[in-house]
Amino acid sequence: MTNRTPPPPITPGTVINDRYEIRLSLGKGGMGEVFLAFDRSTQQEVALKVVREESRMPGDDEALRQELLLARSVAHPNVCKVFDLAPSLWGPILVMEKIAGQTLHTHIRKKKAQGGYTADEFRKIAAEVCSGLAAIHAQGLVHGDLKPGNVMVSEGRTVILDFGFAQERARASARRPGAPPDGGTPNYMSPERLRNGGASVDDDVYAMVLTLWEMWTCRVPEPGYKPRARPMRQQIMFDVPAGLATDEVKQIFRGMNEDPTMRPQARHLRFFNPTQLTTSPIQLPRERLEPGPPPGRAQTAAFTPGAQSLLITYATNAPEIVGQILPLDKPIMTLGRRADQDLVIPEATVSGQHALLRCQSGSWTIEDLGSTNGSYAEFGFERKSQITFMHNGEVQVGECRLKLVSFGPESPSHKRARQYLAKRDGLTGLLVREHLMKAIDEDGLFAEWAEVNVQVARYELRGPNRQVSERPTILEMLALRKAAQRVVDLTEMLMLSLTPVVAGRTGPLKFVVSMVGHSLEEARHVVEQVLSQVQGTLPDSLELTATIVKGEPGRPARTLLD
């Protein structure tokens, strides 16, 4: 058996597969070399990545094919297109979109010589990198090696390169002595990846934010570098943040948190000038309790057992049932505390036989059967004998809240809903105490790092005796829900927020809202406007009051809660 003659080296003029005419080499990497080529078939220039034969191992071809299919599923202007994977004499070739321009690594060095980025230049690149990474994550992919060298700044757009091949990078890197065991670049790796290895969505966010941080500092971070350890202005070369909104700077700070659970998702990051755009709270990327997709036409035309369910989102006396699913298996079902009911809810304020549910073309009607504590519509204060609610709608029976969803027990959507309810109060949507303290502390740490103010507005709902009840009535519960949601929306609107404010529940009828980056006088003005607008939506017997507490350097922000 004779060894196959190795092909000649690839040089300008080489034609691969009778189609791709090589123009020049664009650079070498761990798995191969990238060339600028002319595609004779489409009459367009493309980037051709040749995976060297000596780099391949058994199973690589199938792995590359699978990753190509995933990569092609991302169609986004800020992500490099991958057109094809084909065999060749030199090994597998990846055919990709050719992007004119320069890498962000080169761009940063040029801007450094010119005096740094303007706020709007930074915003444009940051917004487009976040948008591209969000598109990659939306397809269930991980980039695994995001850094300025893998971002192209082209005319009119910024493009993420070389994504979707995290496994390829890991295989290549395992063969190189001294290289990280899972590919990637240590300078941009998160603390958890440096410790344990493994690319992840959270690690991608950390790498992306360090990439944006490099645009401020004009320095490549050392592996394990901790930008949050010293005040921001001691580390940056050009004061880009001076032209940004406080929220935009805070996103960078949050993305560099050593705790991956505290980092924002790429799809939630926002970079733009808030004074030039509408500030409707609808635009804010708030974490929400997703109900699953709306029922299809077939399910609304005829009843389908189990197509819809009731998710228990809140129960005063039985917190252990929160997050449970009650499948709707029949078009007419009874609901109550007794064991002989179709839907059994072990909450003390739900009557033995509380209500009757009927399906009507995809929506449901609850008929109250003379219950002791009543049934209530989404934002009403009075008891209802009958309530119709649709997909994503909520009703309250006694002191238990139920949401109409289209997923079943232990489905991925159900698991996400339980994660949400572990962090957030199902009555108000505010953070529960444990998670509130972490989030408030993060605001306090940011205020010290960026040298800005932090205040906490403490709200209380007071009953007829003007005292805060330890055992709220149902009327007070419903009013708290309405007041808290309205306070948060108005605060975000009046503060021109780009990101959701940190807000959490601290007692039966108490909650707090964190306010970062504003003076005490500005914060007081916002709270006064909020109180005047919310009070008019509440029953006459209830009063919403507020006090403001100013944060102090060196004092943990969580101490401002009570």
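Residues numbered from 1 in each chain as written. Predicted model: local features only at pLDDT ≥ 70, side-chain atom pairs only at ≥ 80, totals over all residues. Heavy atoms only, no water.

A word on the UniProt feature "binding site: ATP" (unreviewed entry) in the protein chain
1) Next: In the numbering adopted here, UniProt assigns the feature "binding site: ATP" (unreviewed entry) to K49.
2) Next: Structurally, K49 is set in strand β4 (residues 44-51). (UniProt positions renumbered as here; feature names shortened; annotations may be inferred. Helix = DSSP H or I, 4+ residues; strand = E, 2+ residues; numbered from the N terminus.)

Some thoughts on the pattern of salt bridges
1) Next: With the rule as written, the count across this model stands at 38 salt bridges.
2) Next: Residues E248 and R123 are paired through a salt bridge, measuring 2.8 Å at the closest nitrogen-oxygen approach. A residue pair is termed long-range when its members are at least 10 positions apart, and E248 in helix α7 (residues 246-255) and R123 in helix α3 (residues 119-138) qualify at 125 residues. Neither residue differs from the other here; E248 and R123 are each classed as buried.
3) Next: Through salt bridges with shared partners, a single network forms among E378, E394, R401, K403 and R481. (Salt bridge = Lys/Arg side-chain N within 4 Å of Asp/Glu carboxyl O. Buried < 20%, exposed > 50% of the residue type's maximum accessible area, 1.4 Å probe, protein only.)

Observations concerning the sheet that holds strand β8 (residues 151-154)
1) Next: In space, the 3 strands of this open sheet follow the order β7-β8-β9, with antiparallel pairing throughout. The open sheet is flanked by β7 (102-103) and β9 (157-160), the only strands paired with a single partner.
2) Next: Both β8 and β9 contribute to a ladder of 4 bridges, which runs antiparallel. Bridge pairing links M152 to V159 in β9.
3) Next: Its contacts with the sheet place α3 against β8 and β9, and it is angled at close to 40° to β9. (Pairing = 2+ DSSP bridges. Contact = heavy atoms within 4.5 Å. Axes fitted to C-alpha atoms, helices over the stretch in contact; angles between N-to-C directions.)

Looking at the packing of α7 against helix α10 (residues 433-450)
1) Next: Relative orientation of the contacting elements α7 and α10 amounts to 110°, with a least axis distance of 10 Å. Compared by their axis directions, α7 and α10 come out roughly perpendicular. Between α7 and α10, the residues in contact are T246, V249, K250, F253 and R254 and E442, D443, L445, F446 and W449, respectively.
2) Next: Here the contact of α7 with α10 is composed, by residue class, of 5 nonpolar, 1 polar and 4 charged. (Parallel < 35°, antiparallel > 145°, perpendicular 65-115°, else oblique. Nonpolar A, V, L, I, M, F, W, Y, C, P; charged D, E, K, R; others polar.)

Structural notes on unusual backbone geometry
1) Next: In this structure, N17 takes a positive phi of about 55° despite not being glycine.
2) Next: Note on placement: N17 falls in the loop between β1 (15-16) and β2 (20-28).
3) Next: At E451, a position not held by glycine, the phi torsion is positive, near 55°.

Remarks on the sheet that holds strand β23 (residues 543-550)
1) Next: Across the sheet, 4 strands lie side by side as β21-β22-β20-β23; this open sheet has antiparallel pairing. Across the chains shown, the open sheet's two edge strands, defined by having one partner strand only, are β21 (503-507) and β23. Along the sheet, successive strands turn relative to each other by an average axial angle of 25°, direction set aside.
2) Next: In the sheet, strand β20 (residues 454-462) pairs with strand β22 (residues 510-516) via 7 bridges, with the strands oriented antiparallel. From the neighbouring strand, Y459 faces β22, where its bridge partner is F511.
3) Next: Sheet strands in contact with helix α11 (residues 474-494) are β20, β21, β22 and β23, and its direction is about 5° off that of β22.

Observations concerning the packing of aromatic side chains
1) Next: One pass over the structure, following the stated rule, counts 9 aromatic pairs.
2) Next: Note on F253 and W449: the rings are 4.9 Å apart at their centroids and 45° apart in plane angle, and the pair reads as tilted. Here F253, found in helix α7, pairs with W449, found in helix α10; they are 196 residues apart in sequence, far enough to count as distant.
3) Next: Classification of F253 by relative accessible area gives buried; the value is 1%.
4) Next: Here the aromatic rings of F303 and W364 are separated by 6.1 Å at their centres, their planes lie at 80°, and the arrangement is edge-to-face. One end of the pair, F303, is in the loop between α8 (297-301) and β10 (309-315); the other, W364, is in strand β15 (residues 363-368), and 61 residues separate them in sequence.
5) Next: An aromatic cluster is defined as three or more aromatic residues linked by ring pairs; in this entry it consists of F122, W213, W216, F253, F271, F446 and W449.
6) Next: A cation sits over an aromatic face here: R228 above F253, 3.9 Å from the ring centre. (Phe/Tyr/Trp six-rings, centres within 6.5 Å; stacked < 30°, edge-to-face > 60°. Lys NZ or Arg CZ within 6 Å of the ring centre and 35° of its normal.)

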